[in-house]
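Structural overview for review
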Amino acid sequence: MPEALLQIRGLNVHYGAIAAVKSLDLHINPGERVTLIGANGAGKTSTLKALTGLLPASAGEIHFAGRSIAGRAAHELLREGIAMVPEGRGVFARMSVVENLHAGAFCRSDHDQVEQEIEHWLELFPHLKRRARQPAGLLSGGEQQMLALARALMSRPRLLVLDEPSMGLAPIMVEKIFDVIDQVCDSGMTLLLVEQNARLALQVCQRAYVMDSGRISLEGPSADLRDDPHVRAAYLGE
Ligand code: ATP
């Protein structure tokens, strides 16, 4: 067994007296694509927030590449190699598209390479190229999602964490975004994906965790979960 890139053990997250995440165990091996699915309010976003330093965990261990990262701030985790695209994208609305991409690369010193990669993303997403100097807040939802993804990738993360990348997007945009996710994963990126669209998540990822009322209720290869009667009834609408 390879050493897991990410190992979470016994994670608990509380909002005051409300327990949102209860004794969660999860691991991701290097190069793996893993999804966390579950109904609204199951605790998926709270798990990601605790992982990426946006919310304190009330208990548990989080190790990344063998080192404890519990309690580290989001910008420190970015330096360690964990980049998250939050639900609702979180682009810097007043900054231009290009400035957003530069912001994603704040921890890099290979400036020539950064410029080349910005060009690469602008070529890949012509919508962003046309609006390269405009404030990101003027972009459509789908364009902002593309920008948020490209900005996260500008940090050259080892682990990409995506919270609901398909939310609110037209099917054509979802296809485009997931094409890019596929490409970066094929080149070796490790992925943790939270998705309401369980069908899509189970297609894209090799392994899945199902979360229910703050706990992991099922886990296994995506192909097995697609055949599981409970998953089919509860999450795939069959
Ligand atoms: P969704 O798919 O709707 O985003 P989720 O699985 O990501 O759901 P969380 O957002 O992690 O679920 O929420 C888990 C639980 O914690 C829910 O019961 C939710 O009501 C509660 N919760 C989330 N954020 C807060 C908050 N800021 N204050 C209090 N309770 C919260």
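Heads up: the structure comes first, above all this text.
Summary of the structure given here. Quick caveat: nothing in here was measured; it's all calculated off a predicted structure. (Residues numbered from 1 in each chain as written. Predicted model: local features only at pLDDT ≥ 70, side-chain atom pairs only at ≥ 80, totals over all residues. Heavy atoms only, no water.)

Attention now moves to the environment of Phe125. On the secondary structure map, Phe125 appears in the loop between helix H4 (111-124) and helix H5 (126-130). Taking the C-alpha atoms as reference, Phe125 lies 37 Å from Leu24; in sequence the two are 101 residues apart. (Helix = DSSP H or I, 4+ residues; strand = E, 2+ residues; numbered from the N terminus.)

The next subject is the site of the ligand. Around the ligand, the surrounding shell holds 13 residues, and the nearest of these are Gly41, Gly43, Lys44, Thr45 and Ser46. Within the side chain of Tyr15, an N or O atom sits 3.5 Å from a nitrogen atom of the ligand. At 3.1 Å, a side-chain N or O of Asn40 approaches an oxygen atom of the ligand. Relative to its unbound accessible area of 630 Å², the ligand is 61% covered by the protein chains. Ranked by the residues each element gives to the shell around the ligand, the list is headed by helix H1 (residues 44-51), at three residues. Taken together, the residues that form the shell around the ligand break down as four nonpolar, six polar and three charged. (Near = heavy atom within 4 Å. Polar contact = N/O pair within 3.5 Å; in protein donor to acceptor, adjacent residues only side chain to side chain. Areas by Shrake-Rupley, 256 points an atom, 1.4 Å probe, with all protein chains shown as cover. Nonpolar A, V, L, I, M, F, W, Y, C, P; charged D, E, K, R; others polar.)

The subject of this paragraph is the sheet that holds strand S5 (residues 67-68). Pairing is antiparallel across the open sheet formed by four strands, whose spatial order is S2-S1-S4-S5. Looking along the sheet, the strands with just one partner apiece sit at the ends: strand S2 (18-28) and S5. The sheet contact formed by strand S4 (residues 59-64) and S5 spans two bridges and is antiparallel. Its bridge partner lying in S5, Phe64 is registered against Arg67. The strands touched by H1 within the sheet are strand S1 (6-15), S2 and S4, with S1 carrying the most contacts at an inclination of about 115°. (Pairing = 2+ DSSP bridges. Contact = heavy atoms within 4.5 Å. Axes fitted to C-alpha atoms, helices over the stretch in contact; angles between N-to-C directions.)

Another point: the packing of aromatic side chains. Applying the stated criterion across every chain, the model contains one aromatic pair. Cation over ring: Arg151 sits above Phe92, and NZ or CZ is 4.5 Å from the ring centre. (Phe/Tyr/Trp six-rings, centres within 6.5 Å; stacked < 30°, edge-to-face > 60°. Lys NZ or Arg CZ within 6 Å of the ring centre and 35° of its normal.)

Pairing within the open sheet is mixed, and its six strands lie in the order S6-S7-S8-S3-S9-S10. The outermost strands of the open sheet, each flanked by one partner alone, are strand S6 (82-85) and strand S10 (215-221). For this sheet, the mean inter-axis angle between neighbouring strands, taken without regard to orientation, is 15°. By the bridge criterion, four bridges tie strand S3 (residues 33-38) to strand S8 (residues 190-194) in an arrangement that is parallel. Note that in S8 the partner of Arg33 across the bridge is Leu191. On the sheet, H1 packs against S3, S6, strand S7 (159-163), S8 and strand S9 (207-212) and is oriented at approximately 145° with respect to S7. Relative to S6, helix H6 (residues 141-153) is tilted by about 175°, and along the sheet it contacts S6 and S7.

On to the packing of H6 against helix H7 (residues 171-186), then. Their axes nearest at 10 Å, the elements H6 and H7 cross at an angle of 10°. Viewed along their axes, H6 and H7 adopt a mutual orientation that is roughly parallel. Of the residues in H7, those touching H6 at Gly142, Glu143, Gln145, Met146, Leu149 and Leu153 are Met173, Lys176, Ile177, Val180, Ile181 and Val184. Looking at the contact of H6 with H7 residue by residue, the class counts come to eight nonpolar, two polar and two charged. (Parallel < 35°, antiparallel > 145°, perpendicular 65-115°, else oblique.)

By themselves these figures say nothing about function.
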